[in-house]
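# Inside the fold
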Amino acid sequence: MPLSARTMKSYQKLRTAGPQPAACRVEEEGAGPMPAGHGKLAPWWVGSGLLVAAVLLSAVTVWVLRQVSGGWPGPTLPPKCLLVPESHRFDCYPERHVVVTQELCESRGCCFIETPPPAGAKRGVPWCFYPPDFPSYTLESLNQTALGMVGLLVRREKAYYPRDIERLRLDVEFETDTRLHIKITDAANPRYEVPLEVPRAMKRAENPIYSLDFSRDPFGVLLRRRATGTVLLNTTVAPLIFADQFLQIATLLPSRFLYGLGEHRGPLLHSLDWSTLTLWARDVSPTESFNLYGAHPFYLLMEEGGDAHGVFLLNSNAMEVALQPAPALTWRTIGGVLDFYIFLGPDPNMVIQQYQQVIGFPAMPPLWALGFHLCRWGYGSSNVTWQTARAMRNYQIPQDAQWNDIDYMDGYRDFTIDPQKFASLPSLVEDLHKHGQRYVMILDPGISSTNPHGSYWPFDEGLRRGLFLNTTQGQPLIGQVWPGFTAFADFSNPDTQQWWLENLQRFHAHVPFDGLWIDMNEPSNFMDGSEDGCPPGELDSPPYTPAVLGDSLSAKTVCASAKQKASVHYNLHNLYGLMEAKATASALIQIRGKRPLVISRSTFPSQGQYSGHWLGDNRSQWKDMYYSIPGLLSFSLFGIPLVGADICGFSGSTSEELCTRWMQLGAFYPFARNHNTQNEKAQDPTVFSPAARTAMKDVLLTRYSLLPFLYTLFHRAHLQGDTVARPLFFEFPWDVATLGLDRQFLWGRSLLVTPVLEPGVDSVTGYVPRGVWYDFYTGSSVNSSGEMLKMSAPLEHLNLHVREGAILPTQKPETTSEATRRNPLRLIVALSQGGTAWGDLFWDDGESLGTFERGSYSYLVFNVTQNIFTSTVLHASAEATEVTIGTLSIFGVREPPSKVLLNGQEKPFSYLGNQVLTVSDLGLSLSQGFTLQWL
């Protein structure tokens, strides 16, 4: 075997050389209290005889010496440091902007070996790393509980950050057969915990598909998948550190196929080449390696062989996750507790469902939210906004909602209208409603604080009720945002939600908006901290600051020491967008009595229950168009399926070609909005050449025809946490060729989207997984062995393929979702090679609250077997009687039929040479089941 693998293995074994770590094996089946003496050796080390280690030692030493020769004076390096292969060096000095010297490193009790830095500014192998015997916690006791175990961890020697917590409580709950909950907290004192409602297990899992062992000294967790024996977590590889403001735990990973850990810009599949991902909400244009708008401490990992598991760290403090090629991962956070949920899948779809069982399933959006949205900053007036909406209607280009950015406001103040330029806004909104369209406007959480007393109710009233973030001195913290000096609403205070509702009610009486776009809610601040900076102290200047952009927690936001009702901002910062989204969705429900649409920039786990997300202030560049796909797919993993990027790019100037291709891709974002910045030329579909305009219109009509399919996918997301936009590897987890694909994606399990992502081409190469796929437009088939295929892609064409075995409900499109939903349905049947197919349809009135929960919906299942199509109504409601099924198109009918029978009666049909059978003019009510047979 290659030397690196050999050294890696020997390192894992050599961990036991010298003083043997005592270990204990804990099976769920009912291990009693921990024996007093040493437990037997943990299985990780069983059978790894020291003889092998000794034989390999010389090879390892020679190899390491060769790696580092010349970097240090020979005799001073302890042999234990030489035993640690580069890939397994866990950083003992992660501080940025410090030149780590041997002296600094050894003052922490760590090993120091210089290695040549990698090209570019990347961090490479850490020079300062933990020796195998670095002091950690010891598992002193372990007792059974009704749901799992409780243990005591004790640290005998202090680590190097202030206020080490010497006694920790370990709680383990076997919550379900596929979900494990491991929580490590201060044994003596309460600490801040994320105020997220999580399900409480009532009884211990009976047949868990995992087994759990512990190493006792040093304490470590070993989690295995029973079916394969794969070790999913092994936290013995580096010490556990749990100080008041520095918590760190590391684990080996069973593979390098790691996804999630948002919000970042980059490929879907993370690089484990010494990269660090920081989670701290920040207003900055999406840029590789920066911490962006939201924080999602969740990863999905694909194991060898196609199994998958997920890990969620329920912690809202500033955090970084360090990845290294071992492969291994280190969590570092600067507050709260270590509260882990592990989801065992075993397939990636199930992992995401299990994650959402903990954080909550996404809300069901109103149907109009799935239409096309149009916006820009810089319309400049309600009349220009209106002209744009009218031009869209004139060209009969689909549009469900018109939006406005901050230029509608008076002096950029929330809940105001520019009395000159936007005087006709109420009339515009009335006109949109008359045409079956909706209106959405932007709101920021920074409330202008400089108006004469009595002239601006939102600030006066917020001040009177004490609803703003306060400084440590108890005065409203003043920062600067669009309107100038501002105070920041404290959404952790329930009274703030009432004040927010009252403001929105007053505004809605004047401008009856339908949805809300909440921006700048990291919260963003044009100053660092406040107008007075931030006070000295360990909240604003903690002992360790993760690798945040700007090197300070207060960079372009408020002071971490700011006081909020629920806690200090230090703990609540990453929850700001979530709390605002919750208040906003609640207000919309109370005002309109219908399903809300909220689109938020900052997000945190569970936010899918309240809002969707757009990917922020992107640029009009081809690269940005590509990066939107991994962005979209990551948010599918995070339980926020209603997501999209600004189509054609927000900043910079788009080109006709880029915008056409981007409209084609964007028509398949679950949330599809074209948005543009001020002082750039317009980029809505109406301003382009007739050819480009037609291409954009056509692809939007294709989207609108697929609304019944898309709406049903959202129903499944709401009901059980299915993803809507889906990476290919979710459907083909055993196909390693799919694991890095992020230039294509699926809708649900069966519609493959292959966009053009580069200029000047008329073809696109995409991966087509094994099986038969049908061209969405023509029904012609391609039988793939799992290969890259070159597809024709002239400027007016987006490649869409339907997977064999699927049935897609579609509808004749109109220019709004409201008009489309009255048209007859066309069911597209894509026969499998065995002649079978399956699909479903969820149908309701498109906007009422809780239709599924109240039972006012229809649900149909479609099935084909042995040349018989069956539609079965599993649940019916009044809405379904208004809609008919008009056409059946069946792809992959190999022999020309002699006749077609509908409920036993002959029907005319057409059959094409590409094996497509079409039966039209069916006129069947959606509320009636039927069968159709071809002979």
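Going by the structure above, here's the rest.
The present account deals with the structure reproduced in this document. (Residues numbered from 1 in each chain as written. Predicted model: local features only at pLDDT ≥ 70, side-chain atom pairs only at ≥ 80, totals over all residues. Heavy atoms only, no water.)

Moving on, we come to the sheet that holds strand β29 (residues 643-644). Read from one edge of the open sheet, nine strands run β29-β28-β27-β26-β22-β21-β20-β31-β30, paired in parallel fashion. Of all strands in the sheet, those bounded by a partner on one side alone are β29 and β30 (646-647). Relative to strand β26 (residues 515-518), strand β22 (residues 438-443) runs parallel, the two being bridged by four bridges. By the bridge assignment for β26, Ile442 is matched with Trp517. Sheet strands in contact with helix α7 (residues 425-434) are β21 (401-404) and β22, and its direction is about 140° off that of β22. Seen against the sheet, helix α11 (residues 576-592) touches β22, β26 and β27 (598-600) and runs at an angle of roughly 165° to β26. (Pairing = 2+ DSSP bridges. Helix = DSSP H or I, 4+ residues; strand = E, 2+ residues; numbered from the N terminus. Contact = heavy atoms within 4.5 Å. Axes fitted to C-alpha atoms, helices over the stretch in contact; angles between N-to-C directions.)

With respect to the helices and strands, the residue Ile442 is situated in strand β22. Residues Ile442 and Asp490, spaced 48 residues apart in sequence, show a C-alpha to C-alpha distance of 18 Å. If near-sequence neighbours (up to four positions away) are discounted, Ile442 is found in contact with Asn404, Asp405, Ile406, Tyr408, Met409, Trp517 and Asp519.

Defined simply, a disulfide is a covalent bond joining two cysteines at their sulfur atoms. The full count for this structure, using the stated rule, is five disulfides. Here Cys92 engages in a disulfide with Cys110; their sulfurs sit 2.1 Å apart. Linking Cys92 and Cys110, the disulfide has an S-S dihedral of approximately 75° and is accordingly described as right-handed. Here the residue Cys92 occupies a position in the loop between α3 (79-82) and α4 (102-107), and Cys110 occupies one in the loop between α4 and β2 (111-112), the gap between them amounting to 18 residues. (Disulfide = S-S within 2.5 Å.)

Turning to the pairing of strand β9 (residues 219-225), a few remarks are in order. Judged by how many residues are buried, β9 sits mostly within the fold: seven of seven residues are covered. The side-chain alternation of β9 yields two buried faces, one formed by Phe219, Val221, Leu223 and Arg225 and the other by Gly220, Leu222 and Arg224. Alignment of strand β8 (residues 210-216) against β9, held across seven bridges, turns out to be antiparallel. By the bridge assignment, Leu212 is partnered in β9 with Leu223. Here β8 folds back onto β9 in antiparallel fashion, the turn holding two residues. When β9 meets strand β10 (residues 231-234), the two strands line up antiparallel, connected through three bridges. Looking at the pairing, Leu222 lines up with Asn234 of β10. (Buried < 20%, exposed > 50% of the residue type's maximum accessible area, 1.4 Å probe, protein only.)

Attention now goes to the packing of aromatic side chains. According to the stated counting rule, one finds 45 aromatic pairs in the structure shown. An angle of 25° between the planes, with centres 6.0 Å apart, marks the rings of Tyr299 and Trp331 as stacked. With Tyr299 in strand β15 (residues 296-302) and Trp331 in strand β18 (residues 328-333), this residue pair connects regions lying 32 residues apart in the sequence. Neither Tyr299 nor Trp331 differs from the other in exposure class; each is buried. Plain terms: the ring middles of Trp517 and Trp614 are 5.5 Å apart, the flat faces sit at 80° to each other, and that makes the pair edge-to-face. Highlighted residues: Trp517 in strand β26 and Trp614 in strand β28 (residues 612-614), separated in sequence by 97 residues. Summarising the burial analysis for this pair, Trp517 and Trp614 share the class buried. Taken together, the aromatic side chains of Phe415, Phe459, Phe468, Phe491, Trp499, Trp500 and Tyr576 make up a single cluster linked through ring pairs. A cation sits over an aromatic face here: Arg506 above Trp457, 4.1 Å from the ring centre. Directly above the ring of Trp614 sits Arg673, whose terminal nitrogen or CZ lies 5.3 Å from the centroid. (Phe/Tyr/Trp six-rings, centres within 6.5 Å; stacked < 30°, edge-to-face > 60°. Lys NZ or Arg CZ within 6 Å of the ring centre and 35° of its normal.)

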